[in-house]
Amino acid sequence: MSRSISILGLGYVGSVSAACFASLGHKVIGVDVSREKVEMLESGASPIVEAGMSELVAAGRSACHLHATTDAVAAVRDTDVTFVCVGTPSLRSGKLDLSHVERVMQEVGAALREKSGHHTVVLRSTVLPGTTASLVVPTLERASGRRAGVDFSVCYNPEFMREGSAVADFFQPPYTVLGARTAQELAPLRELYQPIPGTVFEVQIPVAEMVKYVSNLFHAVKVGFANEVGTLCQQMDVDTAAVTEIFASDTKLNISAAYLSPGFAFGGSCLPKDLRAITHRAKELDLHLPLLESIMPSNSEHITRAVDAVLHTGKKKIAMVGLSFKAGTDDLRESPQVQLIKRLLGEGCEVRVWDKDVSLGRLAGSNRRFIEEVIPHIGSLLLTHLEEVVRFGEVVVLGTRAADSQQLSTYLSPAQIVIDLVHLDPSRRPRSQAAYQGICW
């Protein structure tokens, strides 16, 4: 079923979206303040240099599926779905410039004031979470004199198109993300994207707004990581290509979802030690590697967030469930849980600890030396019975996945506060009336 679509903004995202939707048989009107872009599209020429665009635009014009104008109000009035694809550049401070979005939404609102039928407004511009609710909806309602969710719908549909392969990415996206306040408002978008393969996520608008940023942040981290690793390899006379090939071949841990679920800080005998060794070697080589150098301070900040979350409760009796850096081990070396306990004791808290895998009598070597240096009196805090520890605490801190959720449910009371550091799956969380919170989720 074909739709009539107006697309406001004929930059990369808008031009590609217009040409691709037209190729799917929809009637598309592109809108831009640049008369030059409009005239190019109207003459059958692509306003951008992008693989596949010249052919798509020419075909769209030939089939009378693709048109362009500078009149935004008329375009919105004559269509039933409007995509807003205007730029959101940075101000000198780094803050987003949302003036183009606001101006266009005023024009869309003016057109909606003249329409009698229901209209769907879809923002594709990259904006921070909350922008649709705080800027887009109020601007549309003021300009139109109508109500969002009643007289018109507002959705958010982030794009994941790379310059140079934008057409291919449109037709073969990693996934499609559709954001709206209600599932019913997404009906036109489901229809438009029905021919596009891949998983479709229907989510609340702030999630859709944030996913775009998370994707770009991770892409930036990967580029920076690869470049710093390459720099290190070159300076240490190591074959960068061989290292990269081996590293990237691991799709179980390296190139995967592993370690990407928000939770607590890392610890143990490997990651902190190896980060220090590499960054120290980089300094010896007179290399400045800001990304790698920032990881240990970032990890320390996360422990501070956990300390702050506990102290914010105003409670002093703390039950710590989990002591080793990873469930199923007794390794306490650089355990963030140990660091957390030390910080809480320094703040005057009373702490009791349970870990089914940790027994001071069995600790030996560097593991024992570490705990004796950090918390030499840990023996007086470590108890053998989970129930005794949980019932002691006004705040129960879950620092391990090893505790039995049924037992925890039995021991917890409604007056207690549970702080989950490890981001337990909902099916594994204790079922209790106690208040439950995470530190970064």
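What is the right way to read the overall build of the chain from this model?
Looking only at helices and strands, one finds 17 helices and 13 strands in the chain. Each of the three principal axes of the chain carries a C-alpha extent, and together these read 80 × 60 × 40 Å. Looking at the 441 residues of the chain, the share that counts as buried comes to 44%. Pairs at least 24 residues apart make up 69% of the contacts formed inside the chain by residues separated by at least 6 positions. Here the chain carries 43 positive and 48 negative side-chain charges, and the mean point of each set is 5 Å from the other.

It is not clear to me how the sheet that holds strand 4 (residues 81-84) should be interpreted in this structure. Could you clarify?
Note on sheets: strands pair through backbone hydrogen bonds, and any given pair is parallel or antiparallel. If you walk across this open sheet you meet the eight strands as 3-2-1-4-5-6-7-8, and the pairing is mixed. Sheet topology places strand 3 (66-69) and strand 8 (200-203) at the edges, where each strand pairs with a single neighbour. The mean angle between the axes of side-by-side strands here comes to 25°, regardless of whether they run parallel or antiparallel. Both strand 2 (residues 27-31) and strand 3 contribute to a ladder of four bridges, which runs parallel. Bridge pairing in strand 3 places V31 opposite T69. Taken strand by strand, helix 5 (residues 99-114) contacts strand 1 (4-8), strand 4, strand 5 (119-123) and strand 6 (152-156), and its axis lies near 175° from that of strand 5. Seen against the sheet, helix 6 (residues 131-144) touches strand 5 and strand 6 and runs at an angle of roughly 155° to strand 6.

Would you explain the pairing of strand 6 in this entry?
Remark: a regular strand shows side chains that alternate across the two faces of the sheet. Among the five residues in strand 6, five count as buried, and that is most of the element. A two-sided burial pattern is seen for strand 6, the buried positions comprising F152, V154 and Y156 on one face and S153 and C155 on the other. With five bridges joining them, strand 5 and strand 6 adopt parallel strand pairing. Within strand 6, the position partnered with H119 by the bridge is F152.

Help me understand the layout of surface pockets in this model?
Each pocket or cavity is described by its volume, and for the second largest pocket that value is around 360 Å³. Lining the second largest pocket are 17 residues; nearest its centre among them are Y12, V13, T126, E159 and E163. With three residues, helix 1 (residues 12-23) is the single largest residue contributor to the lining of the second largest pocket. Across the lining of the second largest pocket, the residue classes break down as seven nonpolar, five polar and five charged.

Is there a simple way to think about the packing of aromatic side chains in this case?
For any two aromatic rings, the description comes down to two numbers: the centre-to-centre distance and the angle of the planes. Scanning all chains against the criterion turns up nine aromatic pairs. The interplanar angle of 80° and the centroid separation of 5.1 Å between the aromatic rings of F160 and Y175 together place this pair among those described as edge-to-face. You can see F160 sitting in the loop between strand 6 and helix 7 (166-171) and its partner Y175 sitting in the loop between helix 7 and strand 7 (176-180), a full 15 residues away along the chain. The class of Y175 is partly exposed, set by a relative accessible area of 25%. Ring centres of Y175 and F201 lie 5.8 Å apart, and the angle between their planes is 85°; on these two criteria the pair is classed as edge-to-face. Taken together, the residues Y175 in the loop between helix 7 and strand 7 and F201 in strand 8 connect sequence positions 26 residues apart. For F201, a relative accessible area of 40% gives the class partly exposed. Put simply, the rings of F21, F83, F170, F171 and Y193 pair up and form one aromatic cluster. Across from the ring centre of F392, 4.6 Å away, lies the NZ or CZ of R352, which sits over that ring.

Teacher, can you tell me more about the packing of helix 5 against helix 6 here?
Two quantities define a packed helix pair, namely the angle between the helix axes and the distance between the axes. Between helix 5 and helix 6, whose axes approach to 7 Å, the crossing angle comes to 40°. Considered as vectors, helix 5 and helix 6 are oriented oblique to each other. By crossing handedness, the relation of helix 5 to helix 6 is classed as right-handed. Facing V101, E102, M105, Q106, V108, G109, A110, L112 and R113 of helix 5, the residues of helix 6 in contact are L135, V136, T139, L140, R142, A143 and S144. Among the residues making up the contact of helix 5 with helix 6, the classes are represented as nine nonpolar, four polar and three charged.

I tried to follow unusual backbone geometry on my own but got confused; where do I start?
Here the phi dihedral of C64 falls at roughly 60°; this positive angle occurs in a residue that is not glycine. Counting through the fold element by element, C64 comes out in the loop between helix 3 (53-62) and strand 3.

Even after reading the chapter, I still don't get helix 11 (residues 271-284), so can you show me in this structure?
Side chains three or four residues apart in an α-helix point the same way, a direct result of the helix having 3.6 residues per turn. In this model, helix 11 (14 residues) spans 20 Å end to end at C-alpha, consistent with the 20 Å of a helix rising 1.5 Å per residue. The complete set of buried residues in helix 11 reads P272, L275, T279 and A282. Burial along helix 11 is one-sided: seen end-on, the buried residues are contained in an arc of 95°. Elements that come into contact with the buried residues of helix 11 comprise helix 9 (205-235), helix 12 (290-293) and helix 13 (295-312).

I tried to follow the packing of helix 1 against helix 3 on my own but got confused; where do I start?
At a minimum axis separation of 9 Å, helix 1 and helix 3 run at an interaxial angle of 55°. Classified by the angle between their axes, helix 1 and helix 3 sit oblique to one another. For the pair helix 1 and helix 3, the sense of crossing is left-handed. For the pair formed by helix 1 and helix 3, the contact residues are S15, V16, A19, C20 and S23 on the first element and M53, L56 and V57 on the second. The residue inventory of the contact of helix 1 with helix 3, partitioned by class, reads six nonpolar, two polar and no charged.

Help me understand the sheet that holds strand 12 (residues 417-420) in this model?
The strand order across the open sheet formed by five strands is 10-9-11-12-13, and the pairing between neighbours is parallel. Only two strands of the sheet have a single neighbouring strand rather than two, namely strand 10 (350-354) and strand 13 (435-438). Between one strand axis and the next, the sheet turns by 20° as a mean value, whatever way the strands run. Bridge count between strand 12 and strand 13: four bridges; the pairing is parallel. When the sheet's bridge partners are listed, I419 is paired in strand 13 with Q437.

Scoring rules and cut-offs
- Residues numbered from 1 in each chain as written.
- Predicted model: local features only at pLDDT ≥ 70, side-chain atom pairs only at ≥ 80, totals over all residues.
- Heavy atoms only, no water.
- Helix = DSSP H or I, 4+ residues; strand = E, 2+ residues; numbered from the N terminus.
- Buried < 20%, exposed > 50% of the residue type's maximum accessible area, 1.4 Å probe, protein only.
- Contact = heavy atoms within 4.5 Å.
- Lys, Arg positive; Asp, Glu negative; His and termini not counted.
- Charge placed at Lys NZ, Arg CZ, Asp CG, Glu CD.
- Pairing = 2+ DSSP bridges.
- Axes fitted to C-alpha atoms, helices over the stretch in contact; angles between N-to-C directions.
- 1 Å grid on protein atoms, 1.4 Å probe; cavity = no way out; pocket = protein on both sides within 12 Å on 5 of 7 lines; lining within 4 Å.
- Points joined across faces, edges and corners; volume = space filled by probe spheres on them.
- Nonpolar A, V, L, I, M, F, W, Y, C, P; charged D, E, K, R; others polar.
- Phe/Tyr/Trp six-rings, centres within 6.5 Å; stacked < 30°, edge-to-face > 60°.
- Lys NZ or Arg CZ within 6 Å of the ring centre and 35° of its normal.
- Parallel < 35°, antiparallel > 145°, perpendicular 65-115°, else oblique.
- Left-handed = near helix turned anticlockwise from the far one by under 90°.
- Expected span 1.5 Å × (residues − 1).
- Arc of directions from axis to C-beta.

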